[in-house]
Amino acid sequence: MRRLFWLGIGLAVGVVVVRKATRTAQAYTPAGIAGGLSESAGGLVESVRSFVADVRLGMAEREQEIHEAFARGEAFDDQFAELREDPRIGDREIFPEDHQR
């Protein structure tokens, strides 16, 4: 009875090890590598889509704020006006005076 018990345990462990080894070997075949790359690329594409959706949402919110301020007749509060007026940060540093349109 004891030998039958240990035989069963040995068979179960053997099956688990063989399945794990087969999966690991499959991951290193050309098809497995291609599948892994496609999953990685799919994750990257999904991350980029999520980022673009977040940017669009932020743009829509900011545009709504601008339209509401315009409808109330208020001046648009430009948070970055000081930065654009600073010659070290504005377009002058990127585009020299002789190249500006």
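What you are looking at is a predicted structure, and each value in this text was computed from that prediction instead of being measured. (Residues numbered from 1 in each chain as written. Predicted model: local features only at pLDDT ≥ 70, side-chain atom pairs only at ≥ 80, totals over all residues. Heavy atoms only, no water.)

Draft legend 1. Expanded view of the overall build of the chain. The secondary structure content of the chain amounts to four helices and zero strands. Considering the chain as a whole, with its 101 residues, one finds that 4% of them fall into the buried category. Taken as a whole, the chain presents about 9,500 Å² of accessible surface, with 63% of it coming from carbon and sulfur. (Helix = DSSP H or I, 4+ residues; strand = E, 2+ residues; numbered from the N terminus. Buried < 20%, exposed > 50% of the residue type's maximum accessible area, 1.4 Å probe, protein only. Areas by Shrake-Rupley, 256 points an atom, 1.4 Å probe, with all protein chains shown as cover.)

Draft legend 2. The pattern of salt bridges, seen in detail. Scanning the model with the defined rule gives one salt bridge in all. Salt-bridge contacts for Glu 65 lead to Arg 62; the nearest nitrogen and oxygen are separated by 2.8 Å. One end of the pair, Glu 65, and the other, Arg 62, are both in helix α2 (residues 30-72), three residues apart, so they sit about a helical turn from each other. For Glu 65, a relative accessible area of 43% gives the class partly exposed. (Salt bridge = Lys/Arg side-chain N within 4 Å of Asp/Glu carboxyl O.)

Draft legend 3. Structural view of a nonpolar patch on the surface. Together, Leu 44, Val 48, Phe 51, Val 52, Val 55 and Met 59 make up an exposed nonpolar region whose accessible area comes to about 560 Å². With respect to the helices and strands, Val 52 occurs in helix α2. On the accessibility criterion, Val 52 (33% relative accessible area) is partly exposed. (Patch = residues over 30% accessible without salt bridge, like charges linked within 9 Å, V, L, I, M, F, W, Y side chains within 5 Å.)

Draft legend 4. Focus on the packing of aromatic side chains. Inspection of the entire model under this criterion finds one aromatic pair. Centre to centre, the rings of Phe 5 and Trp 6 are 5.2 Å apart; their planes meet at 75°, and the pair counts as edge-to-face. The same class applies to Phe 5 as to Trp 6, namely exposed. (Phe/Tyr/Trp six-rings, centres within 6.5 Å; stacked < 30°, edge-to-face > 60°.)

Draft legend 5. Structural view of helix α1 (residues 2-27). Its 26 residues place the ends of α1 38 Å apart at the C-alpha level, agreeing with the 38 Å of an ideal helix rising 1.5 Å per residue. Counting buried residues in α1 gives zero out of 26 residues, a small share hidden from the surface. (Expected span 1.5 Å × (residues − 1).)

Draft legend 6. Spatial organisation of the confidence of the model for the chain. Model confidence for the chain is summarised by a mean pLDDT of 81, while 78% of its residues fall at 70 or above. Within the chain, the lowest mean pLDDT, 51, falls on helix α4 (residues 91-94), and the highest, 90, falls on α1. (pLDDT = per-residue confidence, 0-100.)

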